[in-house]
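The residues making up each chain are set out below.
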Amino acid sequence: MGNKKTSAFIPKKIARAPYLRGGISYFYVMEILNPTVAAQVARHLLEIQAIRLQPEKPFTWASGWKSPIYCDNRLSLSYPTIRTAIKQNLVKAVQHFFPDVEAIAGVATAGIPQGALLADELALPFIYVRSKPKGHGMENMIEGKVVPNQKVVVVEDLVSTGGSSLKAVEDLRNAGFEVLGMVAIFSYGFEVADKNFEDAGVPLVCLSNYDALLPEAVKENYIDHSTLNSLAEWRKNPSGWMQ
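In this text the structure is predicted, and so the values were computed from the model without any measurement. (Residues numbered from 1 in each chain as written. Predicted model: local features only at pLDDT ≥ 70, side-chain atom pairs only at ≥ 80, totals over all residues. Heavy atoms only, no water.)

A.B. asks: Help me understand the packing of helix α2 (residues 80-97) against helix α3 (residues 111-122), please; the structure alone is not making it clear to me.
C.D. replies: Between two packed helices, what matters for the description is the angle formed by their axes and the separation of those axes. It is at 9 Å that the axes of α2 and α3 come closest, and there the two elements cross at 65 degrees. Where α2 crosses over α3, the two elements pack in a sense that is right-handed. Along its contact with α2, which presents R83, I86, K87, L90, V91, V94 and Q95, the element α3 presents Q114, L117, L118, E121 and L122. Residues of the contact of α2 with α3, tallied by class, amount to 7 nonpolar, 2 polar and 3 charged. (Axes fitted to C-alpha atoms, helices over the stretch in contact; angles between N-to-C directions. Helix = DSSP H or I, 4+ residues; strand = E, 2+ residues; numbered from the N terminus. Left-handed = near helix turned anticlockwise from the far one by under 90°. Contact = heavy atoms within 4.5 Å. Nonpolar A, V, L, I, M, F, W, Y, C, P; charged D, E, K, R; others polar.)

A.B. asks: What am I meant to see in the packing of helix α4 (residues 163-174) against helix α5 (residues 191-200) here?
C.D. replies: At their nearest, the axes of α4 and α5 sit 11 Å apart, and the two run at 10 degrees to each other. The angle between α4 and α5 places the two elements in the roughly parallel class. Of the residues in α5, those touching α4 at S165, L166 and R173 are N196, F197 and A200. Classifying every residue of the contact of α4 with α5 by side-chain character gives 3 nonpolar, 2 polar and 1 charged. (Parallel < 35°, antiparallel > 145°, perpendicular 65-115°, else oblique.)

A.B. asks: Explain the nonpolar core to me, please; I cannot follow it from the model alone.
C.D. replies: Taken as a class, soluble globular proteins show a tendency for nonpolar side chains to be buried jointly. Counting 47 residues, the largest nonpolar core has I69, L118, V183, F186, Y188 and L213 as its most contacted members. Apart from the residues lying within four places of it in its own chain, the contact partners of F186 are L45, I51, I69, C71, N73, D157, L158, V159, S208, N209, Y210 and L213. Formed by 21 residues, the second largest nonpolar core is a distinct cluster that contains A103, V107, F177 and L204. (Core = buried A, V, L, I, M, F, W, Y, C linked by side-chain atoms within 4.5 Å. Buried < 20%, exposed > 50% of the residue type's maximum accessible area, 1.4 Å probe, protein only.)

A.B. asks: It is not clear to me how the environment of A184 should be interpreted in this structure. Could you clarify?
C.D. replies: Locating A184 in the fold gives a position in strand β12 (residues 178-187). Taking the relative accessible area as the measure of exposure, A184 reaches 0% and is therefore buried. Put simply, A184 and V159 are 25 residues apart on the chain and 7.0 Å apart in space, counted from C-alpha to C-alpha. Once residues within four sequence positions are removed from consideration, A184 is found in contact with L90, E156, V159, L204, V205, C206 and L207.

A.B. asks: Any chance you could explain the pattern of salt bridges here in plain terms?
C.D. replies: A side chain of one charge can pair with a side chain of the opposite charge if their charged atoms are brought near each other. Per the counting criterion, the structure on display carries 9 salt bridges. A salt bridge links K87 to E121; its shortest N-O distance comes to 3.3 Å. With K87 in helix α2 and E121 in helix α3, this pair connects stretches of sequence that are 34 residues apart. Taking relative accessible area as the criterion, E121 reaches 44% and is therefore assigned partly exposed. Residues E233 and K236 are paired through a salt bridge, measuring 3.7 Å at the closest nitrogen-oxygen approach. Linking E233 with K236, this pair stays in helix α7 (residues 228-236), spanning 3 residues, or about one helical turn. Residue classification places E233 among the partly exposed residues on the basis of a relative accessible area of 42%. With relative accessibility at 65%, the residue K236 sits in the exposed group. Shared partners join several salt bridges into a network, and the residues in it are R43, E216 and K219. (Salt bridge = Lys/Arg side-chain N within 4 Å of Asp/Glu carboxyl O.)

A.B. asks: What is the right way to read helix α6 (residues 210-219) from this model?
C.D. replies: The buried fraction of α6 is high, at 7 of 10 residues. Of the residues making up α6, those classed as buried are Y210, A212, L213, L214, E216, A217 and V218. Those residues of α6 hidden inside the fold are in contact with α1 (35-47), β4 (51-53), β7 (69-71), β12, β13 (204-209) and α7. Looking one or two residues past α6, N221 carries a phi angle of roughly 65 degrees, positive in sign.

A.B. asks: How should I be thinking about the environment of W241 in this particular structure?
C.D. replies: With respect to the secondary-structure elements, W241 resides in the segment after α7. Here W241 falls in the buried class, since its relative accessible area comes to 7%. With sequence-adjacent residues up to four places away left out, W241 is seen in contact with P55, P58, K66, S67, P68, S230, E233 and W234. A polar contact of 3.1 Å, which involves the side chain of W241, links it to the backbone oxygen of S230. (Polar contact = N/O pair within 3.5 Å; in protein donor to acceptor, adjacent residues only side chain to side chain.)

In structure tokens form, the structure reads like this:
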């Protein structure tokens, strides 16, 4: 998967199922771009409080899950230096893993600005996928020029279970696009997400994830070692944690 000379950009762990495209064997990816980038991005997100860790006072997600972590990567847009670092690393991910890309597709809403920044840097067309069709006019699900068989990479800011992200992939495929894969800023690394992406045949490359976050959070004194077991248990069983 890619040139061995650029091994700095090979993910730390590659998931199970190989598939073929253009006679070349690829793998479903559900991991980080590389450990150095993962640590840097985690530090940036903690620094600007885009990621908050509160194991003592957990957040409640829309799903009803109790969570020790809240992630809002949209905050990175307000910090030019961090915004640029994220953009540059997304560029590296796309250029290395998806060199045949012809367009970038953002997932509404948080994936739209990140995708637009990425598309601009790569000088590629940009489209975005709505969560539901527009309720008036053309009632579009996809905004931008639809080009059948165009090869796209999807951009997300955050991957949890992968449900909404993969719904966008399905909509793009139904419109005639060829989805090469997805890039994201951060992933919780849930096993269910790994399985969902594998089942959908969508390679995913993330800049950082939960495994990279925890050591940085300890190092920067956002949490202490005594909370690590609880935080690890949440990732294993998020629906049952603290129930």
